[in-house]
Amino acid sequence: MRLASRGLRLLILGAFAVFFVAPLVWLILAPTKSDEALVSSGSLSFGSFQQIALAWQHLDSFSDHLYRMWIGNSLLYAVSATAIVLATGIPAGYGLAFGRFPGRRLVLTLTLVVMIMPAAALVLPIFLELNALHLIGNVLSVILPFAFYPFGVYLAYIYYATAVPRELLDAARVDGCGEWSTFRHIALPLAKPVVALVLFFSFVSDWNNFFLPYTVLADSTQYPIQVGLSNLLSSTPSFNPAVGGGGQQVNIFRPELALATLLAVIPVAIVFMLSQRALVRGLVGGGVKE
């Protein structure tokens, strides 16, 4: 009975592993084969590195190097918005944790409400606001809404409230430090783990955002990579047979689409690897209070 129970558990775990891992393996191996070989041969078999180069040539030549523009746009939007988030979110969390001012609880409550509110619910009022400011179709129509990241403010607030002793800051003030000097020389260096945490989550959120850029940007040359991938999907004959007809040859097929998806993940993976150690410290930094 014990062996049968253990075998059943392993069978269930193995089934779940295959179910979730198989699509990822397919995505990694798809660019190594042609579209015909992807259907006729084994889906999880390796093709050739030459086919990867060919898939990249087709992808790069799509609409006059449009894929490169999408990657560059995403980097511009995500890096700019994340920089603003770090410049405003960390001091805001510090102020909410240690400040005593009228409306503090109201600001914290509103931050929590906006944090748990679905992002799609804010698209319409943000669109109307941007339209009133004549920013629709402008780069700022993506960067400015991304620059407000309530989850980052809340993370900084929790970290300062639980992991940084108030006595340490009081000692700095006794030694003659003003509020700005106390934050810059004492509180900010102690918050490196949560800075990395906010940086990572903000960058990933901005990089993966689809709905807002899709709504406020009309020119395909301004699209970020997520909206661009949707556009690329509609140009793939396997998913949209209408583009396969006519006189113009479309070189975007399933291998090119898989390669485009894999390349779009690389910036997020780089940010994760660079901030991995600080991320772990940040995740557990507020869990214990002396």
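Residues numbered from 1 in each chain as written. Predicted model: local features only at pLDDT ≥ 70, side-chain atom pairs only at ≥ 80, totals over all residues. Heavy atoms only, no water.

1. Section: the pattern of salt bridges
Line of reasoning, step 1. Considering all chains together, one arrives at four salt bridges under this definition.
Line of reasoning, step 2. Residues arginine 68 and aspartate 60 are paired through a salt bridge, measuring 2.7 Å at the closest nitrogen-oxygen approach.
Line of reasoning, step 3. Look at the salt bridges and you will find they share partners, linking Asp170, Arg173 and Glu179 into a network. (Salt bridge = Lys/Arg side-chain N within 4 Å of Asp/Glu carboxyl O.)

2. So, the packing of aromatic side chains
Line of reasoning, step 1. The full count for this structure, using the stated rule, is 18 aromatic pairs.
Line of reasoning, step 2. Between phenylalanine 62 and tryptophan 70, the ring centres sit 6.2 Å apart and the planes meet at 55 degrees, which makes this aromatic pair tilted. In terms of burial, phenylalanine 62 and tryptophan 70 fall into one category: buried.
Line of reasoning, step 3. Consider the rings of phenylalanine 203 and tryptophan 207, whose centres lie 5.8 Å apart with planes at 20 degrees: the pair is stacked. Note that phenylalanine 203 and tryptophan 207 are positioned in helix α11 (residues 192–208) at a spacing of four residues, about one turn of the helix.
Line of reasoning, step 4. Grouped by ring-pair contacts, the aromatic residues Tyr94, Phe98, Tyr159, Tyr160, Trp180 and Phe183 constitute a single cluster. (Phe/Tyr/Trp six-rings, centres within 6.5 Å; stacked < 30°, edge-to-face > 60°. Buried < 20%, exposed > 50% of the residue type's maximum accessible area, 1.4 Å probe, protein only. Helix = DSSP H or I, 4+ residues; strand = E, 2+ residues; numbered from the N terminus.)

3. Concerning the packing of helix α4 (residues 66–98) against helix α8 (residues 150–163)
Line of reasoning, step 1. Taken N-terminus to C-terminus, the directions of α4 and α8 make an angle of 45 degrees; their axes are 7 Å apart at the nearest point. Relative to α8, the element α4 is oriented oblique. Seen from above, α4 lies across α8 with right-handed handedness. Between α4, through Gly89, Ile90, Ala92, Gly93, Tyr94, Leu96, Ala97 and Phe98, and α8, the contact on the second element is made entirely by Val153, Ala156, Tyr157, Tyr160 and Ala161. (Axes fitted to C-alpha atoms, helices over the stretch in contact; angles between N-to-C directions. Parallel < 35°, antiparallel > 145°, perpendicular 65-115°, else oblique. Left-handed = near helix turned anticlockwise from the far one by under 90°. Contact = heavy atoms within 4.5 Å.)

4. A word on helix α1 (residues 2–29)
Line of reasoning, step 1. The first and last C-alpha atoms of α1 sit 39 Å apart over 28 residues, in line with the 40 Å expected at 1.5 Å per residue.
Line of reasoning, step 2. Along its length, α1 reaches its greatest deviation from straightness, about 35 degrees, at valine 21, and the proline proline 23 lies no more than four positions downstream. (Expected span 1.5 Å × (residues − 1). Bend = angle between axes of the 7 residues up to and from the residue.)

5. Some remarks on the nonpolar core
Line of reasoning, step 1. Ranked by internal contacts, the top residues of the largest apolar core, which has 35 residues, are Leu59, Tyr67, Trp70, Trp207, Ile225 and Leu232.
Line of reasoning, step 2. For this core, the secondary structure elements donating two or more residues are α3 (49–60), α4, α6 (123–132), α7 (140–146), α11, α12 (211–216), α13 (225–234) and α14 (254–274).
Line of reasoning, step 3. Of all the elements, α4 adds the most residues to this core, at seven residues.
Line of reasoning, step 4. In this structure tryptophan 207 touches Ile71, Ser74, Leu75, Ala78, Ile225, Gln226, Ala264, Pro267 and Val268, once residues within four positions along its chain are discounted. (Core = buried A, V, L, I, M, F, W, Y, C linked by side-chain atoms within 4.5 Å.)

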